[in-house]
Amino acid sequence: LQLQLQLQLPVLNMKIDKKRRKELGLPEDADEYDLDVALNNNTDAGITKIIAGSFILVMLALLVVGLVIPSITDYGDGVCSPIQNGGRC
């Protein structure tokens, strides 16, 4: 019985309270859950920071590979590099 109550408690915390129902305009009998509360309870801040940091690193790597390296690389005679000569070949 105690285990069953513990499993149900997080679900009860995610239900929309009266103040939030009034803000959202939901009727009292609607069986809905507050997504903001559910996400806050079930989202780990560390994972979010890891994903955001990985995204930033990937964007910086793409910037370096796509713009910086081609602008400083000399491809030799006969190869047009629009980045180095203002778009004219």
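Student: I would appreciate a short explanation of the overall build of the protein in the present structure.
Tutor: For the protein, the count of helices and strands is 4 helices and 0 strands. Overall, the protein shows an N-to-C arrangement of helices and strands of α-α-α-α. Counting over 89 residues, the protein shows a buried share of 9%. Residue pairs at least 24 apart in sequence account for 13% of intrachain contacts in the protein once pairs closer than 6 positions are excluded.

Student: Would you mind showing me how to read helix 4 (residues 45-72) here?
Tutor: Given 3.6 residues per helical turn, the α-helix brings residues three or four places apart onto the same face. With 28 residues, helix 4 extends 39 Å between its outermost C-alpha atoms, agreeing within 8% with the 40 Å of an ideal straight helix rising 1.5 Å per residue. The sharpest bend along helix 4 comes to roughly 35°, located at valine 64.

Student: Can you walk me through the confidence of the model for the protein in this structure?
Tutor: As a general rule, the predicted coordinates of low-pLDDT regions are not to be interpreted in detail. Looking at the protein as a whole, the pLDDT averages 76, with 76% of positions reaching at least 70. Note on residues 1-9: pLDDT is under 50 here. Beyond four places in sequence and across chains, it has 0 contacts.

Student: Is there a simple way to explain the side chain of serine 81 in this structure?
Tutor: Considering the arrangement of structural elements, one finds serine 81 in the segment after helix 4. We classify serine 81 as buried; its relative accessible area is 9%. When near neighbours in sequence (up to four residues on either side) are disregarded, serine 81 contacts Pro70, Tyr75 and Cys89.

Student: Please clarify how the environment of glutamate 28 should be interpreted in this entry.
Tutor: Looking at the secondary structure, you find glutamate 28 in the loop between helix 2 (18-24) and helix 3 (35-42). Owing to a relative accessible area of 55%, glutamate 28 belongs among the exposed residues under this scheme. Here the alpha-carbon distance between glutamate 28 and lysine 18, two residues 10 residues apart in the chain, equals 7.9 Å. Residues in contact with glutamate 28, not counting those within four places in the same chain, are Lys18 and Arg21.

Cut-offs and rules
Residues numbered from 1 in each chain as written. Predicted model: local features only at pLDDT ≥ 70, side-chain atom pairs only at ≥ 80, totals over all residues. Heavy atoms only, no water. Helix = DSSP H or I, 4+ residues; strand = E, 2+ residues; numbered from the N terminus. Buried < 20%, exposed > 50% of the residue type's maximum accessible area, 1.4 Å probe, protein only. Contact = heavy atoms within 4.5 Å. Expected span 1.5 Å × (residues − 1). Bend = angle between axes of the 7 residues up to and from the residue. pLDDT = per-residue confidence, 0-100.

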